[in-house]
Amino acid sequence: MMKNLFLLSGIAFTLISCSIQKKAQNGTPGKDGASSNSKLSFNQKLADSLGADKYGMKAYTIVMLTTGSAEIDDKEKKAALMKGHMENIGKLAKEGKIIVAGPFLEKNKENYRGMFIFNTKSKEEAESWVKTDPAVAAGIFSYEIFPWYGSAALPLYLKHHDEISKENP
């Protein structure tokens, strides 16, 4: 299943990249009807600040949270651990370590519960960060770690999330 997820992600990325490259090569009409090339909007300073390679991409680490082995029946204790889980995600996001976090909406045969994308290419560093999660430490969640290659601009969406979120869990 994980191979299928990565394969589908790779295919989608390739199709989007090809579409963007084709538009860039053909140019898009400007206000005066003349073609403008997307290369004119390239921002070296921004690319450098995000750690982008020549394709505008960089390495990240994906952590797939899975169902852990702990069976915690105490609802208050479990609620406190989940509150700590959410607080830890917020802390890691503020520190620029976590780029994406969220639960899966449906059960799956792999028991994936949620996903983090960490702003590191080091599996060891990502593991040290995921271990700061109280729900992971308590065994509610376990995890699998994978290297991933994606847009270097991915971290930019976080600064706008608070602008569109009325409530935080």
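The preceding data block contains the structure.
A brief structural summary. (Residues numbered from 1 in each chain as written. Predicted model: local features only at pLDDT ≥ 70, side-chain atom pairs only at ≥ 80, totals over all residues. Heavy atoms only, no water.)

Turning our eyes to something else, we now look at the overall build of the protein. Each helix and strand counted, the protein has six helices and six strands in total. Listing every helix and strand of the protein by position from the N terminus yields α-β-β-α-β-α-β-β-α-α-β-α. For the protein, the residues scored as buried account for 28% of the 169 residues in total. A total accessible area of about 12000 Å² is found for the protein, and carbon and sulfur atoms account for 57% of it. (Helix = DSSP H or I, 4+ residues; strand = E, 2+ residues; numbered from the N terminus. Buried < 20%, exposed > 50% of the residue type's maximum accessible area, 1.4 Å probe, protein only. Areas by Shrake-Rupley, 256 points an atom, 1.4 Å probe, with all protein chains shown as cover.)

It is worth spelling out the packing of aromatic side chains at this point. Centre distance and the angle of the planes are the two values used to describe a pair of aromatic rings. As enumerated under the stated definition, the model contains four aromatic pairs in all. Taken together through their ring pairs, the aromatic side chains of Phe116, Phe118 and Trp129 make up a single cluster. (Phe/Tyr/Trp six-rings, centres within 6.5 Å; stacked < 30°, edge-to-face > 60°.)

Before going further, it helps to examine the nonpolar core. Counting residues in each nonpolar core, the largest one holds 18 residues, and the members touching the most others are Val63, Leu65, Phe116, Phe118, Val130 and Tyr143. Secondary structure elements with two or more residues in this core: β3 (57–67), α3 (75–94), β5 (112–118), α4 (123–130), α5 (134–137) and β6 (141–151). Among all residues touching Val63, those that are not within four sequence positions of it are Gly114, Met115, Phe116, Phe118, Ala126, Val130, Tyr143, Glu144 and Ile145. Counting eight residues, the second largest nonpolar core, distinct from the first, contains Ile62, Met64, Val100 and Phe146. (Core = buried A, V, L, I, M, F, W, Y, C linked by side-chain atoms within 4.5 Å. Contact = heavy atoms within 4.5 Å.)

Moving on: the environment of Tyr112. Here Tyr112 is to be found in strand β5. Relative accessible area serves as the criterion here: at 8%, Tyr112 is assigned to the buried category. Note: C-alpha distance between Tyr112 and Leu65 (47 residues apart in sequence) is 5.7 Å. One polar contact links Tyr112 to Glu144, side chain to side chain, over a distance of 3.4 Å. (Polar contact = N/O pair within 3.5 Å; in protein donor to acceptor, adjacent residues only side chain to side chain.)

Let us look at the layout of surface pockets. Approximately 820 Å³ is the volume attributed to the second largest pocket. Looking at the second largest pocket, it is lined by 29 residues, and the ones nearest its centre are Met86, Ile89, Gly90, Ala101 and His161. Listing elements by their share of the lining of the second largest pocket, those giving two or more residues are α3, β4 (98–103), β5 and α6 (158–164). At nine residues, α3 tops the list of elements feeding residues into the lining of the second largest pocket. Taken together, the residues of the lining of the second largest pocket break down into 16 nonpolar, seven polar and six charged. (1 Å grid on protein atoms, 1.4 Å probe; cavity = no way out; pocket = protein on both sides within 12 Å on 5 of 7 lines; lining within 4 Å. Points joined across faces, edges and corners; volume = space filled by probe spheres on them. Nonpolar A, V, L, I, M, F, W, Y, C, P; charged D, E, K, R; others polar.)

Before going further, it helps to examine α3. Its 20 residues place the ends of α3 29 Å apart at the C-alpha level, agreeing with the 28 Å of an ideal helix rising 1.5 Å per residue. Buried positions along α3 lie against β3, β4, β5, α4, α5 and β6. (Expected span 1.5 Å × (residues − 1).)

Looking now at a negative patch on the surface. Taken together, Glu71, Asp73, Asp74 and Glu76 make up a surface patch of like negative charges. Residue position: Asp73 is located in the loop between β3 and α3. (Patch = residues over 30% accessible without salt bridge, like charges linked within 9 Å, V, L, I, M, F, W, Y side chains within 5 Å. Salt bridge = Lys/Arg side-chain N within 4 Å of Asp/Glu carboxyl O. Lys, Arg positive; Asp, Glu negative; His and termini not counted. Charge placed at Lys NZ, Arg CZ, Asp CG, Glu CD.)

Turning our eyes to something else, we now look at the sheet that holds β5. Here we have four strands laid out as an open sheet, ordered β4-β5-β3-β6, and antiparallel in their pairing. Where the open sheet ends on each side, the last strands, each with one partner, are β4 and β6. Each strand of the sheet is rotated relative to its neighbour by a mean of 20 degrees, with strand direction disregarded. In this sheet, β5 lies alongside β3 in antiparallel orientation, the contact comprising six bridges. Each residue of the ladder has a partner; that of Thr61, found in β5, is Phe118. Together, β3, β4, β5 and β6 form the strand contacts of α3, whose direction differs from that of β4 by roughly 155 degrees. (Pairing = 2+ DSSP bridges. Axes fitted to C-alpha atoms, helices over the stretch in contact; angles between N-to-C directions.)

Another aspect to go through is α4. Along α4, the residues classified as buried are Ala126, Trp129 and Val130. For α4, the arc enclosing every buried residue in end-on projection is 95 degrees, short of the 170-degree limit, so these residues lie on one face. Contact partners of the buried residues in α4: β3, α3, β5, α5 and β6. (Arc of directions from axis to C-beta.)

Read these as layout, nothing more, since geometry by itself doesn't imply function.
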